[in-house]
Structures are given as C-alpha cells and as structure tokens.
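Structure at a glance
If you want the building blocks of each chain, they are given just below.
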Amino acid sequence: MTLDERLDRIVGRALELEALLASGVSGEAFTQASREYGEIEPVVSRINALRAAEQEALQAEALLADPEMKELAEAELSELHETLPQLRQDVRLAMLPRDAADERSAILEVRPAAGGDEAALFASELFDLYRRYADLRGWRFSVMDYDESELGGLRCGIAEITGKGVFARLKYESGVHRVQRVPATESQGRIHTSTVTVAVLPEAEEVDVTIDETDLRIDVYRASGAGGQHVNKTESAVRITHMPSGIVVAMQEEKSQHKNKAKAMKILRARLYERERAQAHESRAADRRSQVGTGDRSERIRTYNFPQGRVTDHRVNFTLYKIDRIMLGEIDDFVDALTQEEQAALLAAEGL
C-alpha cells in the first residue's frame, strides 16, 4: 500500500467516525468511536494541511505559462517547495504508533553505582540537573525521598515530576551515567571514573495497575539518616514489599507514616506499571532495545568528562562541549537528538 493510499484510508475512516458520532449513537459505541476519532483527528488535520499545500503547488505550476502571473507563481512555488517536505514529515510522524505513557508525569530515581563517595556526589549533581531541567520546562519537581550521605552526596533521590509530556522528554535518561573528573578528595590529581544510575518511570494511576493488598508486606520502623537527619522517635518510616514481584519500596522522607505509605505506593505502582510495559515491549518484534535505549538501567548511556568539558551520549554518538550549561539543566539538545533517532527507526519499521 502506497503512502497516499494509507492517507486516504485514514481520512475515510475519520469521515466514517464523524458520521457515526453525528447519527446519535450512544453508550459503549459512542465511547469507542470518540476515542478512535480523537486518536486519528490530529493525523487527519496534518493530512489536510499537506494536501491543501500540494493543491496550491499544482495551481501555481499551472500559472507558470501565464507571463503576467509567472513571477508570482514562481515565488509561491519557491515557498511551497520549502514547506512541503516538512508537512510530509509531520504527516509521517503523526502516523507513528504512540507510546501511551508519553504524556504522563514521571517518577525519577537517581542512585550512585560504582565509585563510592564520588559517585554519591555526582548523583547529587545529577538530581539537581533534573530539578533545573524541570524548572526550565515549567514542570513541578517534588522531592519524594532524598537520602543524603555524610559528605553531602546522594545515596538515593526520588522525585515526582509533574507536567504535560514529562515522560516523553525524560524517558531517554534511564540508564548508567558515567562521570570522569578529579574528585575534590584526590590529592594526586588523578582522574576517576564513577557511575550513577537513573531510572525514569511513567507515573501510574490506580486503574493502570491492580495491586492485591494480600500481596503486600508492610513494615514500619524508625527513620534514620546522616547526621541525625530524619531521625524521630516514632515508627514513621515504611517499607512495602510486593511479594509476587519482589519489588521493595522504602520511604522515610515524611514524619507521617500515612504520607510515607502513600508515597511508597505511588512508587510501587510506577515500578509495576513500567514492568508491565517492559514485558509488553519484549513480546514485540521491534522492542526498545533495537531503538535508542529508553529504560535499561544497565546500559551506559552518557559520559560527562569534566577535564575536557564534554558530554557524550553513546546511543547517538552525540557530543557537546558545554558541560557547565548541561549541568545547569540544558539537556534539550540530547533529548531532541534521541527523539529524532527513535522517530527515524520507527519510520523505517513502519515503512514510512
């Protein structure tokens, strides 16, 4: 089937749905038709824009034979020849299968991996990087848990990032981030390599994941922390174990046991939801490992080399020499490059 034939089929289906909705259909049929129409209407809008531009180009070409209109027609064609490729690309991108989680808010988890104190210090800096990025995008960054080390590093940081399209922009950040620099504690000036793991999970609603209360083991205990922080005399900290999956979530940021449990359940739902998504991806022919990598925490995705001032994303072999700006949260160049790479892979897989 040619691309034009596929576009005709989409437009035809939209007309069928419009007629169905206008006929007074109700109940489940109305709900399904409304949902389907909502999904394809943006595609149809782009198709209509493309075809209107193509029609204008044909009309302008017809005027080239008219001496009085030739100059005007040439100017119009020049403009259309610049816009038509982008309109065609917009249509192709609109036809790609959508990740249902892209528009959701997200749960961010940052933890040091290899490198001891230096890894913990860089984990703290990465956590701040994402806080700044959220500010730049106009998202709300709410710390759910922040376990600080004795030297001011980060043992574990978890945040809820709320806004439109958060997961679509941050999902590529999941993986191992490597830092190469001379630690402040290094007396010989040697460059050390440390790693930090980042996980970005789409936020899940209660309807997305069914959790049987009998599958949970909930332990409460007294909170503790570096330098006496978070220490209290009541058992406010909560540890939830989901026995079927083995997932464990501990939360002690709040002084209220009830609030800590609510936060822990939110994180548990997100992890279970992402686990279900990962299993669904594995069952498909083109799973995410064949694309640019959007979730494997063992995958080394990016290196931050401070002596050379460069940051390299290994998935797309993309390097920028502005590490200071990147650490201030300016990571859109990386996100855009990764998005374009995945879109190109999906376009090829869909034959578009």
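Residues numbered from 1 in each chain as written. Predicted model: local features only at pLDDT ≥ 70, side-chain atom pairs only at ≥ 80, totals over all residues. Heavy atoms only, no water.

Let's talk about a negative patch on the surface
How we decide: Patch membership requires over 30% relative accessible area and the absence of a salt bridge. Like charges are linked within 9 Å, and nonpolar side chains (Val, Leu, Ile, Met, Phe, Trp, Tyr) within 5 Å. Note on areas: these come from Shrake-Rupley sampling with a 1.4 Å probe, and a residue is covered only by the protein chains present in the view. Any carboxyl oxygen of Asp or Glu within 4 Å of a side-chain nitrogen of Lys or Arg constitutes a salt bridge here. Positive charges come from Lys and Arg, negative ones from Asp and Glu, while His and the chain ends are left out of the count. A charge is said to be at NZ when it belongs to Lys, at CZ for Arg, at CG for Asp and at CD for Glu. Helix and strand labels come from DSSP, where a helix needs a run of H or I of at least four residues and a strand needs a run of E of at least two; each type is numbered from the N terminus.
Taken together, the side chains of Glu56, Glu76, Glu79 and Glu82 present a region of like negative charge at the surface. In terms of residue count, helix H3 (residues 70–95) provides more of the negative patch than any other element does, 3 residues in total.

A look at the nonpolar core
The criterion, for reference: Only buried Ala, Val, Leu, Ile, Met, Phe, Trp, Tyr and Cys residues count toward a nonpolar core, and they belong to the same one when joined by side-chain atoms within 4.5 Å. For each residue, the accessible area found with a 1.4 Å probe, counting protein chains only, is set against the maximum for its type, and the residue is called buried under 20%, exposed over 50%, and partly exposed in between. Note on contacts: a residue pair is in contact if any heavy atoms of the two residues lie within 4.5 Å.
Grouped together as the largest cluster of nonpolar side chains are 55 residues, with contacts concentrated most on Leu108, Val110, Leu126, Tyr130 and Leu268. No other element matches helix H4 (residues 116–137), which puts 8 residues into this core. Once residues within four sequence positions are removed from consideration, Tyr130 is found in contact with Leu108, Val110, Phe141, Leu170, Glu173, His177, Val198 and Ile331. One finds Leu84, Ala94, Leu96 and Leu347 within the second-largest nonpolar core, a separate group that totals 25 residues.

Regarding the confidence of the model for the protein
The condition that has to hold: pLDDT gives the predictor's per-residue confidence on a scale running from 0 to 100.
Summary statistics for the protein give a mean pLDDT of 86 and a share of 91% for residues scoring 70 or more. Counting contacts from residues 284–296, a segment whose pLDDT is below 50, to residues more than four positions away or on other chains yields 29 contacts.

Some points on the packing of helix H1 (residues 3–22) against helix H2 (residues 27–62)
Operational definition: Fitting a line to C-alpha atoms yields each axis, with helices limited to the stretch in contact; the angle taken between N-to-C directions then spans 0 to 180 degrees. Any angle between 65 and 115 degrees counts as roughly perpendicular, while under 35 counts as roughly parallel, over 145 as roughly antiparallel, and the rest as oblique. Here a crossing is taken to be left-handed if its near helix is turned anticlockwise relative to the far helix by less than a right angle, and right-handed if that turn runs clockwise. When residues are grouped by polarity, Ala, Val, Leu, Ile, Met, Phe, Trp, Tyr, Cys and Pro land in nonpolar, Asp, Glu, Lys and Arg in charged, and all others, Gly among them, in polar.
Running from amino to carboxyl end, H1 crosses H2 at an angle of 135 degrees, the nearest separation of the two axes being 8 Å. Relative to H2, the element H1 lies oblique. Two packed elements cross with a definite hand, and for H1 against H2 that hand is left-handed. On H2, the residues touching Asp4, Leu7, Asp8, Ile10, Val11, Arg13, Ala14, Leu17, Glu18, Leu20 and Leu21 of H1 are Phe30, Ala33, Ser34, Glu36, Tyr37, Ile40, Val43, Val44, Ile47, Leu50 and Arg51. Residue classes in the contact of H1 with H2 are distributed as 15 nonpolar, 1 polar and 6 charged.

As for the sheet that holds strand E8 (residues 247–251)
Short version of the rule: At least two bridges found by DSSP between two strands is the condition for calling them paired.
In spatial order, the strands read E6-E7-E8; together these 3 strands make up an open sheet with antiparallel pairing. Only two strands of the sheet have a single neighbouring strand rather than two, namely strand E6 (216–221) and E8. When the angles between neighbouring strand axes are averaged without regard to direction, this sheet yields 15 degrees.

A word on the packing of aromatic side chains
The line we're drawing: Any two of the Phe, Tyr and Trp rings considered here, Trp counted by its six-membered ring, make a pair once their centres fall within 6.5 Å; the pair's planes then place it as stacked at under 30 degrees, edge-to-face at over 60, or tilted in between.
Here the structure, examined in full by the defined rule, presents 6 aromatic pairs. Ring centres of Phe122 and Phe306 lie 6.4 Å apart, and the angle between their planes is 90 degrees; this geometry places the pair in the edge-to-face category. On the criterion of sequence distance, the pair formed by Phe122 in helix H4 and Phe306 in the loop between strand E9 (300–305) and strand E10 (310–313) is long-range, its members being 184 residues apart. Note on Phe306: relative accessible area 27%, which makes it partly exposed.

Some thoughts on the pattern of salt bridges
A full pass over the atoms with the stated rule returns 26 salt bridges. For Arg51, the salt bridge goes to Asp8, with nearest N and O atoms at 2.7 Å. Placement of Arg51 in helix H2 and of Asp8 in helix H1 is noted, with a sequence separation of 43 residues between them. Since its relative accessible area comes to 28%, Arg51 is described here as partly exposed. Measuring nitrogen to oxygen at the nearest pair gives 3.0 Å for the salt bridge that ties Arg169 to Asp336. Residue Arg169 is located in helix H5 (residues 166–170), and its partner Asp336 is located in helix H8 (residues 332–350); the two are separated by 167 residues in the primary sequence. On the basis of relative accessible area, Asp336 is assigned to the partly exposed category, the value being 31%.

Focus on the layout of surface pockets
For the record, the criterion: The method works on a 1 Å grid over the protein atoms by themselves. A cavity is a set of points holding a 1.4 Å probe that cannot get out, a pocket is an open set with protein on both sides within 12 Å along at least five of seven lines, and residues with an atom within 4 Å of a point line them. Grid points are joined across faces, edges and corners, and a volume is the space filled by probe spheres set on the points.
Volume-wise, the second largest pocket comes out at about 370 Å³. Glu39, Val43, Ala94, Met95 and Leu96 are the residues nearest the centre of the second largest pocket, which is lined by 16 residues in total. Elements that contribute at least two residues to the lining of the second largest pocket include exactly H1, H2 and H3. Ranked by residue count, the leading element in the lining of the second largest pocket is H2, at 6 residues.

Observations concerning the pairing of strand E5 (residues 192–202)
Among the 11 residues in E5, 8 count as buried, and that is most of the element. Bridge count for strand E1 (residues 106–112) against E5 is 7 bridges, and the pairing is antiparallel. In the strand pairing of E5, Ala106 is matched with Pro202. Two elements, strand E4 (residues 175–181) and E5, share 7 bridges in a ladder whose sense is antiparallel. Residue pairing in the sheet places Arg181 in a bridge with His192 of E5.

Some words on H3
Short version of the rule: Here, expected helix span is obtained from the residue count minus one, scaled by 1.5 Å. Here the bend at each residue means the angle between axes fitted to two seven-residue stretches, the one ending at that residue and the one beginning there.
For H3, with 26 residues, the first-to-last C-alpha span of 36 Å sits near the 38 Å given by 1.5 Å per residue. Largest kink in H3: about 30 degrees, centred on Thr83, with the proline Pro85 one to four residues after it. Three or more residues of H3 are buried, namely Ala73, Leu77, Leu80, Leu84, Val91, Leu93, Ala94 and Met95. On its buried side, H3 packs onto H1, H2 and H8.

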